[in-house]
Amino acid sequence: MNNVLRKSLFRGFWLLGIGAALLAPTSSVQAGGPLGLGVGGAVPNAGERLFADAMKTSRGPWRSISDLSVEVAEDGTNSPLSDAQIVVWDGVGEIAGTYRLVFKGKATVSNSRGAAFSGGYTENGVNYTGTYNSTTNTTTATVTLTEPSGTPAFVLSFRNTRRNGALALGASGNGGISDVRFMRPNALGSATPYAETTTFTSQIKTGLSKVSVLRVMDLTNTNANETVNWADRTLPAGRQFRFFNGYKAGAAWEYAVQLANETNRDLWICIPAMASGNSPTQTGSYIYKLAQLIRNGSDGVQPYANGYTGTKTYPGLASGRKLYVEFSNEVWNPGTPFTQNRQNKSAALAEVAAGNSPLAYDGTTSSEEFRLARRRVGKRIKEISDIFRAVWGDAAMPPNANATVRPVLMWQYGNSSQTASDPLTFLHEFYGNGNGQTNVSTPRDVNYYLWAGGGAFYSTLNDISGPTIDDWYASGLNESGRFPSTVRLDVAWARAYGLKTNLYEGGFQVGGDPFGVATSYTAQQLEANRDPRARGLENRTLRLVEEAGVDLTVIFNAAGDSPFGRLNPSSYSNATNTGLNAPKVLAINDTNARAPYAITYGKALASPLNINAATQNDALLTEYRTGRARIQIGSNPVATVIYVLRNTGAGASYNLSVTAKNAAAGGKIQAYCEGKKVGAPFSVPGGNLATTISVGGIWMKPGLNVLRFDPVVNGSGITYAGEITTISLSAASTTTASGSGS
């Protein structure tokens, strides 16, 4: 997602059945889990005010001193080679205070506000700005800006430039200046600028310190990112607002790592959709080098190799920090800014056309292009996981309970358009040989490659059609639509394959997201997001997420003058109900101060527990494709059936049995608990006489336990595995069992 333009299509979700018993809240065991924030800041109008040096996000390239439409030549660090001007920021307020300008060389500097710079001297009849240090060839000056009317662009202009101040004006090759820095005031209105050694503002670091995880999707401009090879990426020495192939390329990875280290927070990265690398043997690929950079650090261009012990220009991720790794962002989204959707689909079709693609393992053809595209999302995160495993080692990866590197698969709300089921089923059936065929020599469970799965969790008011904000808030939080039901579905899908549930973005908002509320936001909606009542509804939203059993909840977004910005309108804001005192930030404070809420999702475990499958009240039923193996639940043929159970007591052993009938010859079903097999595939008798079958023992840990039943394909191909009528659990006398979710 980007800060202004939100998701555009396909908001509905497909679901055959989900029972009221699953959704009804009841008191139970503790949930809880950390919060995260999405972080932007690599654009000139970012509310984060991330970089203390405003030049890091200036709107380059440098332009002609007489015509902003004409670009001038730059060197490798994005410094101009002649007299030039540049837009430092635009579209933002809250800029008052004293700034320090530092650059290599000499120049006559002016600005679009007409504010005077400190110092100055005359040399050979030319008036130069600031104070010049001949030993370091450095000019330093300060300028104090007052708050403007509106949000005009701020432009710095450099005339009479001498890159080497010791050489004469006009000397060959001596035009331009280099290493320009424009250090922000250390607080709004402050007379003291940040030191040149400061990378990030204390304001944004204070805001980010309120959460545990930083998702840098916007900081690295994941959407429409065209970088492919390592050489295409943004380097830390240059301007961070940068274009590649006509699209924003995002900030340097070194800064994402440094931000996590300085704030002592875990890092969530989103890898560009077309980044090279699909195997650990491709050690020169983008993804391999990225894995090295985050583990070992870099010299500003290339990552250090494993085992390097020398001084590091940019260190790797600090010891003890966790790394969440996602393939791109919302690859399912066909909206205009999400070019990764088209890139991924084209790559999937090309791969299948080339032959022998795992994506077509079951005979799926290019006529089902969207299914192939969804499978490729699963394939890419599996390949990324393999590469990071090669760099970081097995001990750092899933399924280790405290894995350092945590690859995640994110999908559209509640498996909309099969964005969860298709990649998960593909990973299970092909790379886990879950379809009964020997697809790979070393099959792995899905949770070997992945740490977590999940979707988004936006909430809103019931009605904003009234004339006043009071009318809007009087309608209350909408809890009967997409939210929070799709969050519960996300939990079910993730846990069914042994994964944690991580939600990649969301939160309470008024306007800004087209799910039946508004396709854009108005000034009144912006005001509503800063209304003190937003605090309570953000709290309510986070409570409902916790009660569903979510493990990590990432809020969108850290800052910005929009319905999504928590530090609203910017991290420098200090008025009532803004900045660190904005209502939604105060809700984060509330969350950090309280005890976790109890999980209320799932059917309460009892002994005995009998679930009538035919009523569908307790089952999540999944898409059945004609010609595929299936299970019958009532009148519905399904590819998978999932049951969410909630153990309110201590961990205990249970015996699982099912009552089933009507299988075709050879029909079998495999049971799973939290992604692990429960016993062997069991045969279902033919005919209409239901038979009770003992499946195996399960260790039901405290909290959620998710059962999954898949049909098994036999050697002759398609199988009708039979109709399940009842699922039964009874306490066992032993204290351990196979197929546990522990």
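Above this text you will find the structure in question.
Bear in mind that the values here come from a model prediction, so they are computed numbers and not experimental data. (Residues numbered from 1 in each chain as written. Predicted model: local features only at pLDDT ≥ 70, side-chain atom pairs only at ≥ 80, totals over all residues. Heavy atoms only, no water.)

**Observations regarding the pairing of strand β16 (residues 323-327)**
Then, in step 1: Judged by how many residues are buried, β16 sits mostly within the fold: five of five residues are covered.
Then, in step 2: Residues Leu323, Val325 and Phe327 point to one face of β16 and Tyr324 and Glu326 to the other, with burial holding for every one of them.
Then, in step 3: The pairing of strand β15 (residues 266-271) with β16 spans five bridges and is classified as parallel. Its bridge partner lying in β16, Ile269 is registered against Val325.
Then, in step 4: The β-α-β motif built from β15, the intervening helix α4 (residues 286-296) and the parallel element β16 has right-handed crossover chirality.
Then, in step 5: The sheet contact formed by β16 and strand β17 (residues 405-410) spans four bridges and is parallel. Pairing of Tyr324 across the sheet is with Arg406, part of β17. (Buried < 20%, exposed > 50% of the residue type's maximum accessible area, 1.4 Å probe, protein only. Helix = DSSP H or I, 4+ residues; strand = E, 2+ residues; numbered from the N terminus. Pairing = 2+ DSSP bridges. Right-handed = clockwise from strand over helix to strand, strands pointing away.)

**Brief notes about the sheet that holds strand β11 (residues 178-183)**
Then, in step 1: Read from one edge to the other, the open sheet built from four strands follows the order β8-β9-β4-β11, with strand pairing classed as antiparallel. If you trace the sheet from one side to the other, it starts and ends with β8 (131-133) and β11, each paired once. Along the sheet, successive strands turn relative to each other by an average axial angle of 15°, direction set aside.
Then, in step 2: For β8 and strand β9 (residues 138-145), the ladder comprises three bridges, and the chain directions are antiparallel. Looking across to β9, one finds that Asn133 is bridged to Thr138. (Axes fitted to C-alpha atoms, helices over the stretch in contact; angles between N-to-C directions.)

**Re the nonpolar core**
Then, in step 1: Counting 110 residues, the largest nonpolar core has Ile269, Leu323 and Phe388 as its most contacted members.
Then, in step 2: Aside from chain neighbours lying at most four places away, what touches Phe388 is Ile269, Ile271, Ile287, Ala291, Leu323, Val325, Gly393, Met397 and Val405.
Then, in step 3: Among the nonpolar cores identified, the runner-up in size contains 33 residues, and Leu621, Leu645, Ala663 and Phe709 belong to it. (Core = buried A, V, L, I, M, F, W, Y, C linked by side-chain atoms within 4.5 Å. Contact = heavy atoms within 4.5 Å.)

**Some words on the pattern of salt bridges**
Then, in step 1: Throughout the structure, instances matching the rule amount to 37 salt bridges.
Then, in step 2: Here Arg215 ties to Glu505 by a salt bridge, and the two come within 3.8 Å at their closest N and O atoms. Taken together, the residues Arg215 in strand β12 (residues 213-215) and Glu505 in strand β21 (residues 505-508) connect sequence positions 290 residues apart.
Then, in step 3: The closest approach of N and O atoms between Asp590 and Arg535, which form a salt bridge, is 2.8 Å. (Salt bridge = Lys/Arg side-chain N within 4 Å of Asp/Glu carboxyl O.)

**Thoughts on empty space enclosed by the protein**
Then, in step 1: Enumeration according to the criterion identifies eight cavities of 30 Å³ or more in this entry.
Then, in step 2: Lining the largest cavity are 13 residues, with Pro44, Ala46, Arg49, Thr57 and Arg184 positioned closest to its centre.
Then, in step 3: In the lining of the largest cavity, the residues fall into nine nonpolar, two polar and two charged. (1 Å grid on protein atoms, 1.4 Å probe; cavity = no way out; pocket = protein on both sides within 12 Å on 5 of 7 lines; lining within 4 Å. Points joined across faces, edges and corners; volume = space filled by probe spheres on them. Nonpolar A, V, L, I, M, F, W, Y, C, P; charged D, E, K, R; others polar.)

**Here we look at the side chain of Lys322**
Then, in step 1: Positionally, Lys322 belongs in the loop between α4 and β16.
Then, in step 2: No salt bridge is formed by the buried Lys322; the nearest opposite charge belongs to Asp266, separated by 6.9 Å.
Then, in step 3: A polar contact is formed between the side chain of Lys322 and the side chain of Asn402, at a distance of 3.3 Å.
Then, in step 4: Every residue in contact with Lys322, bar those within four places of it in the chain, is listed here: Asp266, Leu267, Leu317, Asn402, Ala403, Thr404 and Arg406. (Lys, Arg positive; Asp, Glu negative; His and termini not counted. Polar contact = N/O pair within 3.5 Å; in protein donor to acceptor, adjacent residues only side chain to side chain.)

**As for the packing of aromatic side chains**
Then, in step 1: Across all of its chains, the model carries 28 aromatic pairs by this definition.
Then, in step 2: Ring centres of Trp62 and Phe158 lie 5.5 Å apart, and the angle between their planes is 70°; this geometry places the pair in the edge-to-face category. Remark: Phe158 occurs in strand β10 (residues 154-162) and Trp62 occurs in strand β2 (residues 59-63); sequence separation between them is 96 residues. There is no split in this pair, since Trp62 and Phe158 are both buried.
Then, in step 3: By way of ring pairs, the aromatic residues Tyr361, Phe426, Phe430, Tyr431, Tyr448 and Tyr449 are connected into one cluster. (Phe/Tyr/Trp six-rings, centres within 6.5 Å; stacked < 30°, edge-to-face > 60°.)

**Quick notes on the pairing of strand β30 (residues 668-673)**
Within a regular beta strand, the side chains point alternately toward one face of the sheet and then the other, so they alternate between its two faces.
Then, in step 1: Across the six residues that make up β30, a large majority, five, are buried.
Then, in step 2: Alignment of β30 against strand β31 (residues 676-683), held across five bridges, turns out to be antiparallel. Residue pairing for β31: Tyr672 is matched across the bridge by Lys677.
Then, in step 3: Between β30 and β31, which pair antiparallel and follow one another directly, the connecting turn spans two residues, one of which, Glu674, has a positive phi of 55°.

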